[in-house]
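Listed below, chain by chain, are the residues.
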Amino acid sequence: MTNSSDLVAVMAELHAALAPGDLAQTLRRVTEAAVELLPDVDGATITIEHADGHHETAAAAGSEDDRHEPARGAGEAAPELTADTAARLDRLQQELGEGPAVDVIDSSESEDPVARSEADDTLEPGQAPAVTASDLARDDRYPAYAAVAASAGVSAQVAVVLFDTARARGVLNLYSLRSHAFDDMAVLTDLFAHHSATALAYAVDYHDRDSNVAERRAVGQALGIVMERFTFSEAKALALMQRTAEQRAVSVRLVAQELVALTEGASLEE
(Lines give C-alpha, C1' and ligand atoms only; values in the text may rest on other atoms or scores of the structure.)
Protein backbone atom coordinates (compact mmCIF):
# COMPACT_ATOMS: atom_id res chain seq x y z
CA MET A 1 0.00 0.00 0.00
CA THR A 2 1.34 3.46 -0.89
CA ASN A 3 1.92 5.52 2.25
CA SER A 4 1.59 9.27 2.83
CA SER A 5 5.34 9.91 2.64
CA ASP A 6 5.41 8.32 -0.84
CA LEU A 7 2.59 10.61 -1.97
CA VAL A 8 4.25 13.74 -0.60
CA ALA A 9 7.61 12.89 -2.16
CA VAL A 10 6.17 12.11 -5.59
CA MET A 11 3.91 15.16 -5.64
CA ALA A 12 6.79 17.46 -4.67
CA GLU A 13 9.01 16.07 -7.42
CA LEU A 14 6.17 16.09 -9.92
CA HIS A 15 5.41 19.75 -9.19
CA ALA A 16 9.04 20.60 -9.95
CA ALA A 17 9.21 18.41 -13.06
CA LEU A 18 5.99 19.63 -14.66
CA ALA A 19 6.42 23.39 -14.72
CA PRO A 20 4.22 24.82 -17.48
CA GLY A 21 5.95 24.87 -20.85
CA ASP A 22 5.10 24.30 -24.48
CA LEU A 23 2.68 21.49 -25.26
CA ALA A 24 5.11 18.97 -26.81
CA GLN A 25 7.59 19.50 -23.99
CA THR A 26 4.93 19.03 -21.31
CA LEU A 27 3.65 15.81 -22.91
CA ARG A 28 7.20 14.46 -22.93
CA ARG A 29 7.79 15.55 -19.33
CA VAL A 30 4.67 13.72 -18.14
CA THR A 31 5.82 10.39 -19.56
CA GLU A 32 9.40 10.85 -18.37
CA ALA A 33 8.22 11.82 -14.88
CA ALA A 34 5.96 8.75 -14.69
CA VAL A 35 8.89 6.42 -15.38
CA GLU A 36 11.21 8.28 -13.04
CA LEU A 37 8.88 8.95 -10.11
CA LEU A 38 6.28 6.17 -9.95
CA PRO A 39 7.39 2.82 -8.50
CA ASP A 40 7.59 -0.15 -10.91
CA VAL A 41 6.68 1.97 -13.96
CA ASP A 42 8.98 0.92 -16.79
CA GLY A 43 7.24 2.70 -19.67
CA ALA A 44 4.67 5.42 -20.20
CA THR A 45 2.80 6.84 -23.17
CA ILE A 46 0.11 9.42 -23.82
CA THR A 47 -2.56 8.50 -26.36
CA ILE A 48 -4.62 11.27 -27.90
CA GLU A 49 -8.00 10.49 -29.46
CA HIS A 50 -8.98 13.39 -31.71
CA ALA A 51 -12.50 14.55 -32.51
CA ASP A 52 -12.38 12.84 -35.92
CA GLY A 53 -11.71 9.48 -34.24
CA HIS A 54 -8.05 8.99 -35.13
CA HIS A 55 -5.48 8.22 -32.45
CA GLU A 56 -1.86 9.23 -32.02
CA THR A 57 0.88 8.49 -29.52
CA ALA A 58 1.80 12.02 -28.49
CA ALA A 59 4.70 11.09 -26.17
CA ALA A 60 6.51 8.01 -24.88
CA ALA A 61 9.24 7.18 -22.36
CA GLY A 62 10.95 3.98 -21.30
CA SER A 63 13.07 2.69 -18.43
CA GLU A 64 16.02 2.35 -20.79
CA ASP A 65 16.36 6.13 -20.55
CA ASP A 66 15.99 6.23 -16.74
CA ARG A 67 19.30 7.12 -15.11
CA HIS A 68 18.08 6.53 -11.55
CA GLU A 69 17.92 2.72 -11.44
CA PRO A 70 19.60 1.03 -8.45
CA ALA A 71 22.97 -0.65 -8.86
CA ARG A 72 22.86 -4.35 -9.79
CA GLY A 73 25.25 -7.21 -9.30
CA ALA A 74 27.83 -8.17 -11.90
CA GLY A 75 26.30 -10.05 -14.78
CA GLU A 76 22.74 -9.24 -13.68
CA ALA A 77 20.75 -7.76 -16.56
CA ALA A 78 18.53 -4.80 -15.77
CA PRO A 79 15.02 -5.24 -17.16
CA GLU A 80 14.27 -2.56 -19.72
CA LEU A 81 11.39 -1.21 -21.75
CA THR A 82 12.30 1.24 -24.47
CA ALA A 83 10.20 4.25 -25.39
CA ASP A 84 9.80 2.81 -28.90
CA THR A 85 8.40 -0.45 -27.50
CA ALA A 86 5.97 1.43 -25.26
CA ALA A 87 4.80 3.50 -28.25
CA ARG A 88 4.41 0.34 -30.34
CA LEU A 89 2.23 -1.29 -27.66
CA ASP A 90 0.23 1.93 -27.49
CA ARG A 91 -0.52 1.86 -31.22
CA LEU A 92 -1.11 -1.90 -31.25
CA GLN A 93 -4.01 -1.59 -28.81
CA GLN A 94 -5.80 0.80 -31.16
CA GLU A 95 -5.09 -1.42 -34.18
CA LEU A 96 -6.38 -4.56 -32.43
CA GLY A 97 -9.26 -2.77 -30.72
CA GLU A 98 -8.36 -4.29 -27.36
CA GLY A 99 -6.31 -3.41 -24.30
CA PRO A 100 -6.62 -1.12 -21.26
CA ALA A 101 -6.06 1.97 -23.45
CA VAL A 102 -9.07 0.99 -25.59
CA ASP A 103 -11.32 0.04 -22.67
CA VAL A 104 -10.67 3.26 -20.75
CA ILE A 105 -11.64 5.33 -23.80
CA ASP A 106 -14.80 3.25 -24.25
CA SER A 107 -15.72 3.73 -20.58
CA SER A 108 -15.18 7.47 -20.91
CA GLU A 109 -17.36 7.61 -24.04
CA SER A 110 -20.20 5.83 -22.22
CA GLU A 111 -20.54 8.74 -19.80
CA ASP A 112 -23.19 11.44 -20.36
CA PRO A 113 -21.82 13.51 -23.32
CA VAL A 114 -23.64 16.64 -22.15
CA ALA A 115 -22.12 16.34 -18.72
CA ARG A 116 -18.68 15.85 -20.27
CA SER A 117 -19.00 18.88 -22.53
CA GLU A 118 -20.01 21.07 -19.60
CA ALA A 119 -17.29 19.76 -17.31
CA ASP A 120 -13.88 21.29 -16.77
CA ASP A 121 -11.16 19.90 -19.07
CA THR A 122 -9.20 18.42 -16.15
CA LEU A 123 -10.65 15.75 -13.90
CA GLU A 124 -10.47 15.92 -10.12
CA PRO A 125 -8.67 13.10 -8.23
CA GLY A 126 -10.95 10.09 -7.99
CA GLN A 127 -13.00 11.10 -11.05
CA ALA A 128 -10.65 9.97 -13.83
CA PRO A 129 -11.71 6.70 -15.48
CA ALA A 130 -9.01 4.01 -15.22
CA VAL A 131 -8.58 0.42 -16.41
CA THR A 132 -5.98 -1.93 -14.91
CA ALA A 133 -4.57 -5.21 -16.20
CA SER A 134 -2.75 -6.75 -13.23
CA ASP A 135 -1.36 -9.80 -15.03
CA LEU A 136 -1.55 -9.52 -18.82
CA ALA A 137 -0.36 -13.07 -19.38
CA ARG A 138 -3.47 -14.35 -17.59
CA ASP A 139 -5.93 -11.64 -18.70
CA ASP A 140 -8.50 -13.22 -21.02
CA ARG A 141 -9.96 -9.82 -21.93
CA TYR A 142 -7.08 -9.12 -24.31
CA PRO A 143 -5.92 -12.39 -25.94
CA ALA A 144 -4.19 -10.88 -28.99
CA TYR A 145 -2.71 -7.81 -27.30
CA ALA A 146 -1.60 -9.66 -24.15
CA ALA A 147 0.47 -12.11 -26.19
CA VAL A 148 2.44 -9.30 -27.83
CA ALA A 149 2.78 -7.35 -24.57
CA ALA A 150 4.08 -10.44 -22.77
CA SER A 151 6.63 -11.08 -25.52
CA ALA A 152 7.89 -7.53 -24.94
CA GLY A 153 8.23 -8.26 -21.22
CA VAL A 154 5.23 -6.21 -20.09
CA SER A 155 3.28 -7.91 -17.30
CA ALA A 156 0.96 -5.17 -16.00
CA GLN A 157 -0.62 -2.00 -17.33
CA VAL A 158 -2.93 0.78 -16.19
CA ALA A 159 -4.63 3.35 -18.43
CA VAL A 160 -5.94 6.59 -16.89
CA VAL A 161 -7.88 9.37 -18.62
CA LEU A 162 -5.90 12.62 -18.36
CA PHE A 163 -8.40 14.96 -19.98
CA ASP A 164 -11.69 14.72 -21.85
CA THR A 165 -12.84 17.64 -23.99
CA ALA A 166 -14.96 18.22 -27.08
CA ARG A 167 -11.77 18.41 -29.19
CA ALA A 168 -9.76 15.49 -27.83
CA ARG A 169 -9.39 12.85 -25.15
CA GLY A 170 -6.02 12.04 -23.58
CA VAL A 171 -5.01 8.77 -21.90
CA LEU A 172 -1.91 8.10 -19.81
CA ASN A 173 -0.72 4.49 -20.19
CA LEU A 174 1.68 3.07 -17.61
CA TYR A 175 3.52 -0.20 -18.31
CA SER A 176 5.34 -2.43 -15.82
CA LEU A 177 7.56 -5.48 -16.22
CA ARG A 178 6.23 -6.78 -12.89
CA SER A 179 2.78 -8.36 -12.60
CA HIS A 180 0.39 -6.79 -10.05
CA ALA A 181 2.59 -3.68 -9.98
CA PHE A 182 -0.43 -1.35 -9.96
CA ASP A 183 -2.70 -3.24 -7.56
CA ASP A 184 -1.93 -0.93 -4.60
CA MET A 185 -1.16 2.23 -6.55
CA ALA A 186 -4.65 3.52 -7.40
CA VAL A 187 -4.35 6.66 -5.26
CA LEU A 188 -0.84 7.46 -6.45
CA THR A 189 -1.54 6.97 -10.16
CA ASP A 190 -4.79 8.96 -9.90
CA LEU A 191 -3.04 11.90 -8.22
CA PHE A 192 -0.23 11.73 -10.78
CA ALA A 193 -2.78 11.83 -13.61
CA HIS A 194 -4.58 14.80 -12.04
CA HIS A 195 -1.41 16.86 -11.59
CA SER A 196 -0.24 15.93 -15.09
CA ALA A 197 -3.58 17.00 -16.57
CA THR A 198 -3.28 20.37 -14.80
CA ALA A 199 0.17 20.92 -16.33
CA LEU A 200 -1.19 19.93 -19.76
CA ALA A 201 -4.08 22.40 -19.39
CA TYR A 202 -1.57 25.21 -18.85
CA ALA A 203 0.46 24.05 -21.86
CA VAL A 204 -2.61 23.89 -24.12
CA ASP A 205 -3.62 27.37 -22.98
CA TYR A 206 -0.16 28.76 -23.81
CA HIS A 207 -0.17 26.93 -27.16
CA ASP A 208 -3.59 28.31 -28.13
CA ARG A 209 -2.69 31.79 -26.93
CA ASP A 210 0.54 31.86 -28.97
CA SER A 211 -1.31 30.57 -32.05
CA ASN A 212 -4.02 33.22 -31.74
CA VAL A 213 -1.47 36.01 -31.33
CA ALA A 214 0.40 34.83 -34.44
CA GLU A 215 -2.82 34.65 -36.46
CA ARG A 216 -3.90 38.15 -35.41
CA ARG A 217 -0.45 39.49 -36.25
CA ALA A 218 -0.58 37.98 -39.76
CA VAL A 219 -4.04 39.44 -40.45
CA GLY A 220 -2.90 42.86 -39.21
CA GLN A 221 0.18 42.77 -41.44
CA ALA A 222 -1.90 41.72 -44.46
CA LEU A 223 -4.39 44.53 -43.87
CA GLY A 224 -1.51 47.01 -43.83
CA ILE A 225 -0.17 45.61 -47.11
CA VAL A 226 -3.55 45.85 -48.88
CA MET A 227 -4.22 49.36 -47.51
CA GLU A 228 -0.84 50.61 -48.73
CA ARG A 229 -0.95 48.93 -52.13
CA PHE A 230 -4.51 49.95 -53.06
CA THR A 231 -4.85 53.06 -50.86
CA PHE A 232 -7.87 51.39 -49.20
CA SER A 233 -9.34 52.12 -45.84
CA GLU A 234 -9.02 49.31 -43.25
CA ALA A 235 -12.68 48.35 -43.78
CA LYS A 236 -12.25 48.08 -47.57
CA ALA A 237 -9.03 46.11 -47.18
CA LEU A 238 -10.72 43.64 -44.86
CA ALA A 239 -13.70 43.32 -47.23
CA LEU A 240 -11.32 42.53 -50.12
CA MET A 241 -9.56 39.84 -48.08
CA GLN A 242 -12.91 38.36 -47.06
CA ARG A 243 -14.12 38.21 -50.70
CA THR A 244 -10.83 36.61 -51.76
CA ALA A 245 -11.19 34.02 -49.02
CA GLU A 246 -14.79 33.24 -50.02
CA GLN A 247 -13.88 32.83 -53.69
CA ARG A 248 -11.06 30.42 -52.80
CA ALA A 249 -13.10 28.67 -50.08
CA VAL A 250 -10.32 29.22 -47.52
CA SER A 251 -10.04 31.22 -44.29
CA VAL A 252 -9.13 34.91 -44.10
CA ARG A 253 -6.22 33.84 -41.90
CA LEU A 254 -4.78 31.70 -44.72
CA VAL A 255 -5.16 34.53 -47.25
CA ALA A 256 -3.39 36.86 -44.82
CA GLN A 257 -0.53 34.43 -44.21
CA GLU A 258 0.00 33.89 -47.94
CA LEU A 259 -0.05 37.61 -48.66
CA VAL A 260 2.51 38.32 -45.94
CA ALA A 261 4.73 35.48 -47.15
CA LEU A 262 4.57 36.69 -50.76
CA THR A 263 5.36 40.26 -49.77
CA GLU A 264 8.29 39.21 -47.57
CA GLY A 265 9.58 36.95 -50.35
CA ALA A 266 9.44 39.80 -52.87
CA SER A 267 11.34 42.06 -50.48
CA LEU A 268 14.11 39.49 -50.10
CA GLU A 269 14.49 39.19 -53.89
CA GLU A 270 14.93 42.93 -54.36
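Remember, it's a predicted structure, so these values are computed and weren't measured experimentally. Within each chain, residue numbers correspond to sequence positions counted from 1 in written order. A pLDDT threshold of at least 70 governs which residues receive local features in this predicted model, and a stricter bar of 80 or more applies before side-chain atom pairs are shown or counted, although totals over entire chains, interfaces and linings include all residues. Think of the side-chain values as coming from all heavy atoms in the structure, minus any hydrogens and water.

K.L.:
Account for unusual backbone geometry, naming residues and giving values.
P.N.:
Backbone geometry at D40 places phi at a positive 65°, although glycine is not the residue there. Using a 1.4 Å probe on the protein chains alone, a residue whose accessible area is under 20% of its type maximum counts as buried, one over 50% counts as exposed, and one in between counts as partly exposed. Take D40: its relative accessible area is 34%, and that puts it in the partly exposed class. The backbone of T231 sits at a positive phi, close to 50°, despite the residue not being glycine. With respect to the secondary-structure elements, T231 resides in the loop between α7 (186-230) and α8 (234-248). Residue class for T231 comes out exposed when judged on its relative accessible area of 69%. Helix numbers and strand numbers start at the N terminus; a helix is a DSSP run of H or I with at least 4 residues, a strand a run of E with at least 2.

K.L.:
Tell me about the packing of helix α3 (residues 83-96) against helix α6 (residues 143-151), residues and numbers included.
P.N.:
Packing of α3 against α6 leaves a shortest axis separation of 10 Å and a crossing angle of 165°. By the angle between their directions, the pair α3 and α6 is classed as roughly antiparallel. Both α3 and α6 take part in a crossing whose hand is right-handed. For the pair α3 and α6, the contacting residues are R88, L89, L92, Q93 and L96 in the first and A144, Y145, V148 and A149 in the second. With axes taken as lines fitted to C-alpha atoms, and helix axes fitted only over the stretch in contact, angles between N-to-C directions fall between 0 and 180 degrees. Any angle that is under 35 degrees is reported as roughly parallel, and any over 145 degrees as roughly antiparallel; angles of 65 to 115 degrees are reported as roughly perpendicular and all others as oblique. For a crossing to be left-handed, the near helix must be turned anticlockwise from the far one by less than a right angle; the clockwise case is right-handed. Residues count as neighbours in contact if any of their non-hydrogen atoms are within 4.5 Å of one another.

K.L.:
Requested: an account of the pairing of strand β3 (residues 130-133), with residues and values cited.
P.N.:
On β3, burial follows the alternation: V131 and A133 on one face are buried, whereas A130 and T132 on the facing-out side are not. Here, a strand pair is defined by DSSP locating no fewer than two bridges between the strands. In the sheet, β3 pairs with strand β4 (residues 156-164) via 4 bridges, with the strands oriented antiparallel. Paired with V131 across the two strands is A159, which belongs to β4.

K.L.:
Describe the sheet that holds β3, naming the residues involved and giving the relevant values.
P.N.:
On the basis of which strands lie adjacent, the open sheet formed by 5 strands has the order β2-β1-β5-β4-β3 and antiparallel pairing. For this open sheet the edge positions go to β2 (55-62) and β3, each flanked by a neighbour on one side alone. Each strand axis lies, on average, 15° off the axis of its neighbour in the sheet, ignoring direction. As paired strands, strand β1 (residues 43-50) and β2 are joined by 7 bridges and run antiparallel to one another. Bridge assignment links I48 to a residue of β2, and that residue is E56. Seen against the sheet, α3 touches β1, β2, β4 and β5 (168-176) and runs at an angle of roughly 150° to β2.

K.L.:
Give a description of the nonpolar core that names residues and reports values.
P.N.:
Core analysis: the biggest nonpolar cluster contains 26 residues, and L38, I46, L172, L174, F182 and F192 have the highest contact counts within it. For this core, the secondary-structure elements that each account for two or more residues are α2 (23-37), β1, β2, β4, β5 and α7. Ranked by residues supplied to this core, first place goes to α2 with 6 residues. Setting aside residues no more than four positions away along its own chain, L172 makes contact with V30, T45, I46, V158, A159, V160, L162 and F192. What is meant by a nonpolar core is a set of buried Ala, Val, Leu, Ile, Met, Phe, Trp, Tyr and Cys residues, joined one to another through side-chain atoms within 4.5 Å. Listed in part, the 18 residues of the second largest apolar core include L81, V104, A133 and L136.

K.L.:
How would you summarise the side chain of S155 if you had to cite specific residues and measurements?
P.N.:
Summarising the element assignment, S155 is placed in the loop between α6 and β4. Reaching out from S155, the side chain makes a polar contact with the backbone oxygen of L177 at a distance of 3.2 Å. Setting aside anything within four residues of it in sequence, one finds S155 in contact with A133, S134, D135, L136, S176, L177, R178 and S179. Pairs of N or O atoms within 3.5 Å make up the polar contacts considered here, provided that, within protein, one atom can donate a hydrogen while the other can accept it, and that residues adjacent in sequence are counted only when both atoms are side-chain atoms.

K.L.:
Hey, could you go over the environment of D40 for me, with residue numbers and the actual values?
P.N.:
Residue position: D40 is located in the loop between α2 and β1. It is 9.8 Å that separates the C-alpha atoms of D40 and H180, two residues lying 140 residues apart in sequence. Once residues within four sequence positions are removed from consideration, D40 is found in contact with Y175, S176, R178 and A181.

K.L.:
For α8, give the residues involved together with the corresponding values.
P.N.:
Under the convention used throughout, the expected extent of a helix is 1.5 Å for every residue step, that is, one less than its residue count. The end-to-end C-alpha distance of α8, which contains 15 residues, comes to 21 Å, matching closely the 21 Å that a straight helix rising 1.5 Å per residue would cover. Looking only at α8, the buried set comprises A237, M241 and A245. Along the long axis of α8, the arc covered by the buried residues comes to 75°, so they all point the same way. The outward face of α8, more than 90 degrees from its buried face, is lined by the exposed residues A235, K236, E246 and Q247. Of the residues one or two after α8, A249 is the one with positive phi, at around 60°. This arc is built from the directions going out from the helix axis to the C-beta atoms.

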